[in-house]
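Close look at the chain arrangement
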Amino acid sequence: MKIYEKDQKVKISFKVNGKQIETEVEPRRLLVHVLRELGFTGVHIGCDTSNCGACTILLNGKSVKSCTLLAVEANNTEIQTVEGLAQNGQLHPVQEAFWDKHALQCGYCTPGMIMQSVWLLKENPNPTEEEIREGISGNLCRCTGYQNIVEAIKAAAEKLRLNQPLYQRQ
Ligand code: FES
Ligand code: FES
C-alpha cells in the first residue's frame, strides 16, 4: 500500500466533457472542489452530508454525487458536467425542457438536477411520474416545488424519444 505524506500531491488524469485533463491533488481532496477549481463551477455544493445532489455529475456514464468521492478515485474516468451538455451552443433537450417548463428559479440545484435527469432518461426513456419523482429524489430543490421539474423531464423524455439519439450527443 502506498503511503502519502501530509500535503503530498498525487497526479491524476481524467476526461471532463471530452477533454483530457491532468492535475495534481492531495488525496483528501473531494472531486467536487477539484472540478470547480478546474473551472467547472456549474457543479455546486449544497450540503456537507451527501443528500442535496447539487454536485451531481456523470462519471463513466453513471450519476454520482461528486462531493462524496475523492478526486483520486476519479483517476482515469470520464466525467460529464452540465457545461458539456450543449453542443455548439445548442441546448440539450433536457436543458431546453427546463427552460420551456420553468423548471428553475434560483438555478442552484439546476446543474445537478439536469445531470440527474439526463441519467434518468438514459436508464428509463419513458418514465412514469412516480418514476421521475423517485429518480430525482436524491436532488433537492428549495424553489420550484418540483412540479415543473417533473413536467420538464416528461417533455424531455418525449422529445428524446421522438427526435434524438438517446442520452446525449457527444
Ligand atoms: S453537495 Fe450536497 S450531495 Fe453533494
Ligand atoms: S431552483 Fe433554486 S434550489 Fe432549485
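It should be emphasised that the depicted structure is a prediction, and the values quoted were computed from it without experimental measurement.

**A few points about the sheet that holds strand β2 (residues 19-25)**
Spatially, the 5 strands line up as an open sheet ordered β2-β1-β5-β3-β4, and their pairing is mixed. Of all strands in the sheet, those bounded by a partner on one side alone are β2 and β4 (62-65). The mean angle between the axes of side-by-side strands here comes to 40°, regardless of whether they run parallel or antiparallel. In this structure, strand β1 (residues 10-16) lies alongside strand β5 (residues 78-80), joined through 2 bridges in parallel fashion.

**Let's talk about the side chain of Glu26**
In this fold, Glu26 is placed in the loop between β2 and α1 (31-37). There is a polar contact of 2.8 Å between the side chain of Glu26 and the side chain of Arg28. Setting aside anything within four residues of it in sequence, one finds Glu26 in contact with Asp7, Gln8 and Lys9.

**Considerations on the nonpolar core**
Within the largest apolar cluster, 24 residues are counted, with the highest numbers of intra-cluster contacts made by Val94, Phe98, Met113, Ile114, Leu121, Ile149 and Ile153. Among the secondary structure elements, those contributing two or more residues to this core are α2 (93-100), α3 (110-123) and α5 (147-163). Of the residues forming this core, the biggest block, 7 residues, is contributed by α5.

Parameters and conventions
Residues numbered from 1 in each chain as written. Chains lettered and ligands numbered in written order. Predicted model: local features only at pLDDT ≥ 70, side-chain atom pairs only at ≥ 80, totals over all residues. Heavy atoms only, no water. Pairing = 2+ DSSP bridges. Helix = DSSP H or I, 4+ residues; strand = E, 2+ residues; numbered from the N terminus. Axes fitted to C-alpha atoms, helices over the stretch in contact; angles between N-to-C directions. Polar contact = N/O pair within 3.5 Å; in protein donor to acceptor, adjacent residues only side chain to side chain. Contact = heavy atoms within 4.5 Å. Core = buried A, V, L, I, M, F, W, Y, C linked by side-chain atoms within 4.5 Å. Buried < 20%, exposed > 50% of the residue type's maximum accessible area, 1.4 Å probe, protein only.

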